[in-house]
Number of protein chains: 2
Amino acid sequence: MARQPIKFGILGCADIARKFSRAITLSPNSTLYAVGSRSLEKAAKFAKENGFPESAKVYGSYEAVLDDPDVDVVYLPLPTSLHVKWAVLAAQKKKHLLLEKPVALNVKELDLILEACESSGVQFMDATMWMHHPRTAAMKDFLSNSELFGELKSVNSCFTFAANQDFLENDIRVRPDLDAHGALGDTGWYCIRSILWASNFELPKTVLALRSPVFNKAGVILACSASLYWEDGKVATFHCSFLANLTMDVTVVGTNGTLHLHDFVIPFEENKASFSVATKSGFTELVTGWEPKPSEHHVTTDLPQEALLVREFSRLVGSIKFDGSKPEIKWPTLSRKTQQVLDAVKLSIERGFETVERLIGRYKNDILVKPYRLVAKVKCLIKFRNFIDNFELLQHTLTIVFPHITLDLEVQSTGLPKGEIGWNPSTWTTFATMGGFMHFSLKTAITRRGRKRSFRSRRASHN
Amino acid sequence: MARQPIKFGILGCADIARKFSRAITLSPNSTLYAVGSRSLEKAAKFAKENGFPESAKVYGSYEAVLDDPDVDVVYLPLPTSLHVKWAVLAAQKKKHLLLEKPVALNVKELDLILEACESSGVQFMDATMWMHHPRTAAMKDFLSNSELFGELKSVNSCFTFAANQDFLENDIRVRPDLDAHGALGDTGWYCIRSILWASNFELPKTVLALRSPVFNKAGVILACSASLYWEDGKVATFHCSFLANLTMDVTVVGTNGTLHLHDFVIPFEENKASFSVATKSGFTELVTGWEPKPSEHHVTTDLPQEALLVREFSRLVGSIKFDGSKPEIKWPTLSRKTQQVLDAVKLSIERGFETVERLIGRYKNDILVKPYRLVAKVKCLIKFRNFIDNFELLQHTLTIVFPHITLDLEVQSTGLPKGEIGWNPSTWTTFATMGGFMHFSLKTAITRRGRKRSFRSRRASHN
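Keep in mind it's a predicted model, so treat the numbers as computed, not measured. (Residues numbered from 1 in each chain as written. Chains lettered and ligands numbered in written order. Predicted model: local features only at pLDDT ≥ 70, side-chain atom pairs only at ≥ 80, totals over all residues. Heavy atoms only, no water.)

Enquirer: Would you take a moment to explain helix 6 (residues 134–144) of chain B for this structure?
Expert: Structural remark: α-helix, 3.6 residues per turn; residues separated by three or four positions point the same way. Residue and element names in this part refer to chain B. Looking only at helix 6, the buried set comprises Arg135, Thr136, Met139, Lys140, Phe142 and Leu143. Seen end-on, helix 6 carries its buried residues on one side only, within an arc spanning 155°. Structural note: helix 6 exposes Asp141 and Ser144 on the side pointing more than 90 degrees away from its buried face. The elements touched by buried residues of helix 6 are helix 8 (182–198), strand 12 (243–254), strand 13 (257–261), strand 14 (272–279) and strand 15 (295–300). (Buried < 20%, exposed > 50% of the residue type's maximum accessible area, 1.4 Å probe, protein only. Helix = DSSP H or I, 4+ residues; strand = E, 2+ residues; numbered from the N terminus. Arc of directions from axis to C-beta. Contact = heavy atoms within 4.5 Å.)

Listed below in structure tokens is the structure:
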């Protein structure tokens with residue numbers, strides 16, 4: 001017997017849900033099964049206008065969709081601040097979860113969602129459509145080719161659009177109670193994703209928001225920029241904004257090659273997309289032209305990228321439902337890394353453009369570590385120099401490596417519970433530090449030679 | 001009688017001089033007249049290989065070129081550290097000066113050159129070729145169109161090329177004694193120029209180098225990035241490098257339009273160049289494509305951009321020589337602004353990625369003001385709060401406005417002579433402050449009410 005298509009239930013009647021309804025219809029392994037809105041009338045209208053079959057269920061609440069035992073997947077395009085509540089509930093009701101971006105207000109909330117999905121054994125994926133376009137795979141082939149592209153050196157990404165006055169005053173995406181991330185969540189999400197994609201999802205070591213973000217009166221970001229740094233010298237910058245003409249650039253430069261595209265989030269055309277690549281570019285004699293020149297590549301697709309996303313998600317859900325497969329961990333991992341960098345950018349802005357460093361260590365479970373933390377100021381740590389065996393002061397980055405030392409580090413900071421930076425005495429930890437508002441005190445340390453040292457509690461803070 | 005072509009003398013036999021020799025030949029109003037090298041043999045070989053006429057003078061020293069009374073113009077492609085000596089000498093000998101970029105090691109040196117040119121009444125121009133391509137004017141038309149482009153919001157510029165190992169170890173451009181700016185001077189110069197060009201040469205208020213520049217062993221920059229900020233909210237970033245595939249991007253985004261080009265310094269082809277523009281870009285119904293899409297524009301040119309530069313320079317020189325015109329001030333002004341920003345980026349790197357603010361005030365002679373200064377740390381100035389009548393603390397920028405107050409401000413800093421920040425008691429001054437290593441002390445102040453206050457000398461420093 002042929003497998004039945006995966007049944008989608010949609011929570012809410014957001015604009016983007018219209019596009020996804022079409023995608024669910026276009027995808028061969030999915031079907032529009034239910035829609036729920038706080039208004040039954042609105043849900044009925046949405047179903048009628050968006051190609052739901054006659055048999056589709058129309059509900060006057062979100063709960064009713066979650067309670068329908070035949071719904072396989074919940075597509076959740078509600079405002080970000082509502083994600084944690086409804087996503088966790090959906091997962092608890094054993095619904096596979098297709099979650100709109102930005103996925104959560106912060107990694108902490110996302111972790112609640114991911115933990116609920118893991119407990120229920122359901123698939124999680126965010127709705128970042130361009131990841132599923134065949135162009136993305138073709139570009140990745142280029143970036144992965146050590147001969148044609150070489151080693152990644154820099155990425156620049158830009159996603160802006162010119163919102164009208166009504167949007168800037170009233171849209172969900174500029175309301176602190178609904179989408180507190182503003183342009184950073186709505187367009188910056190894609191920039192961050194593109195940078196992580198280009199860097200094989202290796203998290204940056206340092207995130208620094210650039211100066212002069214623009215806020216609305218309620219403090220929501222209307223435009224901002226940030227820079228990202230990796231330990232191997234890779235750098236990336238991005239700019240996101242509601243205040244400038246629609247622009248969607250990604251530029252990736254490696255030692256041997258360059259990739260350009262100008263429509264990375266939504267291709268100019270639905271069934272055909274292009275990108276430009278250059279390899280070992282050089283000049284003609286007398287440097288009056290380029291040789292070789294960049295070349296344009298075109299990728300066609302029968303299904304639009306959002307339908308490819310639905311098809312892939314439905315395939316994964318089908319494997320779980322019919323074959324007993326486990327959920328694909330790749331998708332929640334990518335969402336979480338994107339959210340981590342987003343959180344770091346936001347923290348850097350909130351901290352007055354301080355760098356936010358990632359703690360790097362050997363942790364039990366890498367995916368659940370919360371690696372972005374603003375730790376103490378270099379100046380303060382330097383005071384501990386005498387007590388730490390192996391101490392390196394790199395330019396602008398303090399790295400303290402302490403093998404075979406036990407530190408009883410009491411961490412106290414705005415927003416962080418005591419001791420949140422764990423110290424595992426059986427292994428080693430490196431952490432890098434710059435800037436910040438954290439207060440900390442060093443209580444005891446056991447040196448390599450086994451001597452125990454105690455210190456008076458010492459407060460350090462940066463203004 | 002037809003005017004004679006302008007006679008060019010070339011100092012040195014640099015590679016770039018080969019390209020310029022051809023340009024001087026191609027330009028209808030100029031002629032290759034002399035070349036000087038420390039080796040007469042090298043000069044003769046250069047003249048022979050680069051289309052110098054039989055009658056051309058070949059000299060075994062730079063001085064001899066300057067001493068030849070028939071030389072109208074000196075083209076000076078020597079290493080940057082030699083510019084000030086030879087450029088000043090050339091100007092003193094009444095030679096019009098076409099100076100390779102980066103024009104000087106810093107604005108102070110450039111000012112010596114510009115002052116010599118001004119005294120001698122000779123024309124100054126730097127050899128930034130792309131400024132003279134007709135594409136540049138066509139793009140400027142687009143950027144100047146308030147309907148098509150609107151208000152400038154952001155610029156991103158990137159110029160990288162992959163130097164080989166020999167270059168990275170031995171080239172003039174990585175030697176601290178010859179071209180101390182490295183990639184910042186060689187490729188960053190163009191990025192800075194493109195950003196200033198896009199912003200109508202309005203100097204940014206703040207310059208901040210991004211973290212993780214790459215240096216060679218001698219401390220010369222091989223790759224770096226920076227961000228620039230204007231008071232009206234415009235932002236720009238650039239990346240320059242010797243370590244990544246040849247890439248030459250400029251992206252300019254305004255409220256209504258977007259400009260892209262990928263070969264801004266040297267067009268892909270000599271006689272035809274393109275750029276892409278988009279205006280009021282939006283999406284199709286359901287956001288599955290763009291409407292309108294960006295469009296490609298092509299500009300042809302009979303002469304390559306370097307010949308157009310020579311033609312324009314020769315035209316200006318001809319006007320001075322034959323018509324008694326005054327030198328065109330536009331070109332030294334653009335060079336100086338580019339150098340100012342370059343200096344600020346370098347200072348920001350040297351200061352550990354502190355922001356460098358431009359002092360804004362009403363000065364007697366704007367072009368000779370040295371506006372980039374790292375002044376005292378916010379925290380310190382806050383101590384003076386009580387004594388300053390009008391005090392505003394903006395986010396990350398401290399602006400102190402003191403109308404009708406006389407401050408006797410003694411300024412002492414690394415590299416700055418005492419009192420270099422002048423205070424004009426008859427008018428007002430605003431200065432913005434962030435970060436830095438400057439020491440200063442406030443000695444006396446007369447408040448608006450006429451009371452004189454004295455302060456104990458107070459030192460303030462950062463770190």
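Enquirer: In this structure, what is going on with the relation of the copies chain B and chain A? I would like to understand it.
Expert: For the pair chain B and chain A, the best superposition has an RMSD of 0.0 Å and corresponds to a rotation of 180° with a translation of 0.0 Å parallel to the axis. The relationship between the two copies is best expressed as a two-fold rotation axis. When the interface residues of chain B are mapped onto chain A, 98% of them again lie at the interface, so the same face is used by both copies. (Least-squares fit on C-alpha atoms with pLDDT ≥ 70 in both.)

Enquirer: Looking at this structure, I do not really get the sheet that holds strand 4 (residues 73–76) of chain A. What am I missing?
Expert: By way of backbone hydrogen bonds, the strands of a sheet pair with one another, either parallel or antiparallel. Residues and elements named next belong to chain A. An order of 3-2-1-4-5-6 is seen for the six strands of this open sheet, with the pairing classed as parallel. A strand with exactly one partner marks an edge of an open sheet, and here the two such strands are strand 3 (57–59) and strand 6 (124–126). Taken over all neighbouring pairs, the strand axes of this sheet differ in orientation by 25° on average, direction set aside. Pairing geometry for strand 1 (residues 6–11) and strand 2 (residues 30–36), over six bridges, is parallel. Bridge pairing in strand 2 links Ile6 to Ser30. Contacts from helix 9 (residues 305–323) reach strand 1, strand 2, strand 4, strand 5 (96–99) and strand 6, with the element oriented near 120° to strand 1. (Pairing = 2+ DSSP bridges. Axes fitted to C-alpha atoms, helices over the stretch in contact; angles between N-to-C directions.)

Enquirer: Teacher, can you tell me more about unusual backbone geometry here?
Expert: Backbone geometry follows two general trends: most residues other than glycine have a negative phi, and most peptide bonds adopt the trans configuration. With an omega dihedral of -10°, the bond running from Lys101(A) to Pro102(A) counts as a cis peptide bond. Note on placement: Pro102(A) falls in the loop between strand 5 and helix 5 (107–120). Here the residue pair Glu291(B) and Pro292(B) is connected by a cis peptide bond, since its omega of -5° sits within 30 degrees of zero. Along the chain, Pro292(B) falls in the loop between strand 14 and strand 15. Even without a glycine there, the phi angle at Lys280(A) is positive, about 45°.

Enquirer: Help me out: how do you make sense of the interface of chain B and chain A in this one?
Expert: Accessible area lost upon the coming together of the parts serves often as the stated size of an interface. Each partner contributes to the interface: chain B provides 63 residues, whereas chain A provides 63 residues. Summing both sides of the interface, chain B and chain A together bury roughly 5200 Å²; the carbon and sulfur share of this comes to 62%. If you sort the residues of chain B by the area they bury against chain A, Arg211(B), Asn245(B) and Trp290(B) come out on top, with a joint share of 14%. At the junction of chain B and chain A, the tally comes to two salt bridges. Across the pair Arg18(A) and Glu285(B) runs a salt bridge, and its minimum N-O distance is 2.6 Å. On inspection of chain B and its partner chain A, the count reaches 27 residue pairs in polar contact (both at pLDDT 80 or more). Counted by class, the side of chain B that touches chain A contains 22 nonpolar, 27 polar and 14 charged residues. (Buried area = accessible area lost by both parts, 1.4 Å probe. Salt bridge = Lys/Arg side-chain N within 4 Å of Asp/Glu carboxyl O. Polar contact = N/O pair within 3.5 Å; in protein donor to acceptor, adjacent residues only side chain to side chain. Nonpolar A, V, L, I, M, F, W, Y, C, P; charged D, E, K, R; others polar.)

Enquirer: Looking at this model, I keep getting lost on the pattern of salt bridges. Mind explaining?
Expert: Residue and element names in this part refer to chain A. Following the criterion strictly, the structure yields 40 salt bridges over all chains and no others. Across the pair Asp67 and Lys93 runs a salt bridge, and its minimum N-O distance is 2.6 Å. Within this pair, whereas Asp67 is found in helix 3 (residues 62–67), its partner Lys93 is found in the loop between helix 4 (83–92) and strand 5, the two being separated by 26 residues in sequence. Exposure remark for Asp67: the relative accessible area of 45% places this residue in the partly exposed category. By relative accessible area, Lys93 is classed as partly exposed at 34%.

Enquirer: Looking at this structure, I do not really get the environment of Ala2(A). What am I missing?
Expert: Residue and element names in this part refer to chain A. Relative to the elements of secondary structure, Ala2 occurs in the segment before strand 1. Given a relative accessible area of 65%, Ala2 falls into the exposed group. Each C-alpha atom of the pair Ala2 and Cys224 lies 50 Å from the other, and the pair is 222 residues apart in sequence.

Enquirer: Explain the pairing of strand 11 (residues 235–241) of chain B to me, please; I cannot follow it from the model alone.
Expert: Regular strands have side chains that alternate between both faces of the sheet. All names here are of chain B. With seven of its seven residues buried, strand 11 lies for the most part within the structure. In strand 11, alternate side chains face the same way, and those of Val235, Thr237, His239 and Ser241 on one face and Ala236, Phe238 and Cys240 on the other are all buried. With seven bridges joining them, strand 7 (residues 152–162) and strand 11 adopt parallel strand pairing. Residue pairing for strand 11: Phe159 is matched across the bridge by Cys240. Here seven bridges tie strand 10 (residues 221–229) to strand 11, and the two strands are oriented antiparallel to one another. Directly across from Tyr229, in strand 11, lies its bridge partner Val235.

Enquirer: Quick question: what am I supposed to make of the packing of aromatic side chains here?
Expert: In this description, a pair of aromatic rings is defined by centroid distance and the angle of the planes. In total, this model carries 28 aromatic pairs over all chains according to the counting rule given. In this structure an aromatic cluster arises from ring pairing among Phe159(A), Phe161(A), Phe167(A), Tyr190(A) and Phe242(A). In this arrangement the basic side chain of Lys140(B) is found over the ring face of Trp197(B), its NZ or CZ atom lying 5.2 Å from the centre. (Phe/Tyr/Trp six-rings, centres within 6.5 Å; stacked < 30°, edge-to-face > 60°. Lys NZ or Arg CZ within 6 Å of the ring centre and 35° of its normal.)

Enquirer: Hey, could you run me through the UniProt feature "domain: GFO/IDH/MocA-like oxidoreductase" (unreviewed entry) in chain A in this one?
Expert: With numbering aligned to this structure, UniProt lists the feature "domain: GFO/IDH/MocA-like oxidoreductase" (unreviewed entry) at residues 146–259 of chain A. Here residues 146–259 of chain A runs as 20% helix and 42% strand, with 14 Å between its end C-alpha atoms. (UniProt positions renumbered as here; feature names shortened; annotations may be inferred.)

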